[in-house]
Amino acid sequence: MAGPVAFSADGSAVAVTSTVFNDGVFAEDVVQVLDARTGAPRFATRYAAGALSDRVVFSPNGALVAASGSHSLLVLDAVTGAVKWSREFEMFVVPPSFNSDGELLLAGFTRAASMFLAETGGQLWERPVDELKVLAFHPGGRIFAEACLDASGRGNVSIADGENGRPELSRPVPERLRALAYNGDGSMIAFGGFSGLAGLLDSTTGEIRGLFAHAAGAPDVFQLACSPDSKLVATRDTNSVTRVYDAGTFALRRTIANIGDLTTPDVLEFSPDSKSLLVNKGRHRVRAIDMATGAELYVLEHNNPDPMGPFMESAVFSRDGKRVATTGGDKVVKVFDPFSTDVVELAHDGAVRALAFAPDAHAVSTGSADSSARVFVAATGEERARLNHGGPVCSVAWIPTGSLVVSGSADRMVRVFDSTDATERFRLAHEGTVVAVAASVDGRKVASGSEDGRARLIDLEVGTQQSSISHDGPVVAVVFSGDKKWLGTASLDGTARLINTTSGTEHLRLNLDGPVRAVAFSADGRWFAAGGDDRTARLFEIENGGERCRVVHGGAVLSLAFHPNSAVVAAGCADGMARTFAAPGGQSLATLSHAGAVGMVAFSASGLVATAGDDQTARVFVADSGVEQVRHEHPGLVAAVAFSPDGGRLATACADGVARIFEV
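Since we're looking at a predicted model, the values are computed, not measured. (Residues numbered from 1 in each chain as written. Predicted model: local features only at pLDDT ≥ 70, side-chain atom pairs only at ≥ 80, totals over all residues. Heavy atoms only, no water.)

Asks: Describe the environment of His553, listing the residues and the values that go with them.
Replies: Tracing the backbone through its elements, the reader meets His553 in the loop between β52 (547–552) and β53 (557–562). Distance in space between the C-alpha atoms of His553 and Asp575 is 8.0 Å, their sequence separation being 22 residues. Excluding residues that lie within four positions of it along the chain, His553 makes contacts with Arg535, Thr536, Ala537, Ala571, Cys573, Asp575 and Arg579. For His553, the side chain forms a polar contact with the side chain of Arg579, separated by 3.3 Å. (Helix = DSSP H or I, 4+ residues; strand = E, 2+ residues; numbered from the N terminus. Contact = heavy atoms within 4.5 Å. Polar contact = N/O pair within 3.5 Å; in protein donor to acceptor, adjacent residues only side chain to side chain.)

This is the structure in structure tokens:
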């Protein structure tokens, strides 16, 4: 089960804790640090002494990671994962916090507050208390506040000196306390507790400035958040109702119910610019609420297959406010970029069905139901060239060695044209819709696949058809191997075939148990993958056609792609899943769930996987972990995705008539 999550100060890493059970019994906890951009693990430190499920936090200087929960406190080197020090307590640990320079760590347990040297774990002092609830460092780092209960059970807020732990002032409050937090500038302390208690206390004088109004007998306030600009205070009660108050007037500004569920998850965080607030939306989603209007800005989701399973565990902003990291009951860590506006739109007059980046990444070619193939400048979206077909354009590909683009259309034509001025250089007619086109890496040959049951191999240097390969059903995919030796074809006749590109003759015929819809070659030229309606993705050895593995999916396999630098295969399926597995053995690596069929998968140069979904989303995830990095919502079905050659951008083709380019 995934637990709390935290960003490093520079936003380059995320830390998360997870709990491992064996036969329903606690076995150990794992503290992991992952690359925030790629999801690649930096380290995973296992700890069997006690559960670390309450808090994880980076030191402000980025050198350390602290995790706590139950009776344990653990501090790790943030680079290597080596254990710096740990403490075990007889009573529950109060979640720790670092001071502003990361040199001190404030922690405690039910009966005492303690200060440690963060690097070594040396204890500077320990002060007994009756019942400690919360500890918080002042933003300046010299003093700290604590919420506790006195011997009679009354709530008390104390402000103490960090060097020696001695209280500088203490203030009783009307009810038992459950929550405490400094505001952004440290001038006030927000507190909350039983019977709806919530208010503000002056951090210098200890004077209670005011209480936020709650009805008599209101649910307990168990969580607080103060906006970084110190203007707002948010409270969460045990009925999962969030209230936002004006910190100056104490007036109620907004009430937010946890839609769909009455559990009490703990997502409550202001954005760094104080303009939005993260709160739960049911069990498996978190939403951002605009503080000015109350509008829902966006929703971030975890796909837990059990609707009543564990809820969203944690959601935090990066320090720059551009990303949100979340953990959920689906045992997945996700990093979202919901604020990205770096989108270039490439407009057509009909659904965009296909696209491809130019080899230099400066341009994108597209094919559309508006019967045009177009070329756009990738940086600006400016249209550079347009070739009109006599029917919808189903497929486009760049000739790698120059400025030429090949397109295939329902007008039964394959055309090669210049991307600078749309001058047509070559055309070849099929007897049915041209569904697929491809170009060899040396730019000398082009292949096409058609509903007429033929795959054609074209020699561009000569300008003629080299060979025509007959299938007994539509040819829906064609692909060249990286070593230029082979052309792979997929047909609804239930076969995938390997064609020798020198002779134009068939080398292998591979039979599946239903229509074949996808084929792909490994980068080293050893393996050939094929998948289709029989719900399998199969891996064959090119040399002799021997089947090495068969991976069964929950629906038809619609798309296949190999990792550019390793033997990892990605499959997009009709069951709404994208899966990765290792070649040649077929070991499962990761799964990403869509709410509709995944019609296309593509790898980036760094090994990220992009998916195109019927659920109107394009997503990017890490191939070996399944960590979702990016999700882009679209106004229509996403038909295709393509990475730029450097992996820095993602292009999507959408049924709304727009192709889009996003920064990855």
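Structure's up, so let's keep going.
Asks: I'd like to hear about the sheet that holds strand β25 (residues 268–270), residue by residue, with values.
Replies: Strand order across the open sheet formed by 4 strands is β25-β26-β27-β28, with antiparallel pairing between neighbours. Of all strands in the sheet, those bounded by a partner on one side alone are β25 and β28 (296–301). Adjacent strand axes in the sheet meet at a mean angle of 20° when their direction is disregarded. Taken together, the 5 bridges between strand β27 (residues 285–290) and β28 define a ladder with antiparallel strand orientation. Across the sheet, residue Arg285 finds its bridge partner in β28, namely Glu301. (Pairing = 2+ DSSP bridges. Axes fitted to C-alpha atoms, helices over the stretch in contact; angles between N-to-C directions.)

Asks: Could you give an account of the side chain of Asn280, with specific residues and numbers?
Replies: Structurally, Asn280 is set in strand β26 (residues 276–280). In this structure the side chain of Asn280 is engaged in a polar contact, spanning 3.3 Å, whose partner is the backbone nitrogen of Val267.

Asks: Can you tell me about the environment of Phe7, naming the residues and giving the values?
Replies: Locating Phe7 in the fold gives a position in strand β1 (residues 2–7). For the pair Phe7 and Gly62, spaced 55 residues apart in sequence, the C-alpha to C-alpha distance is 9.8 Å.

Asks: Help me get a handle on the environment of Arg287, residues and values and all.
Replies: You can see Arg287 is positioned in strand β27. Of the residues examined, Arg287 reaches a relative accessible area of 5% and is grouped as buried. Spatially, the C-alpha atom of Arg287 lies 9.8 Å from that of Ala315, the residues being 28 residues apart in sequence. (Buried < 20%, exposed > 50% of the residue type's maximum accessible area, 1.4 Å probe, protein only.)

On their own, these measurements won't tell you what the molecule is for.
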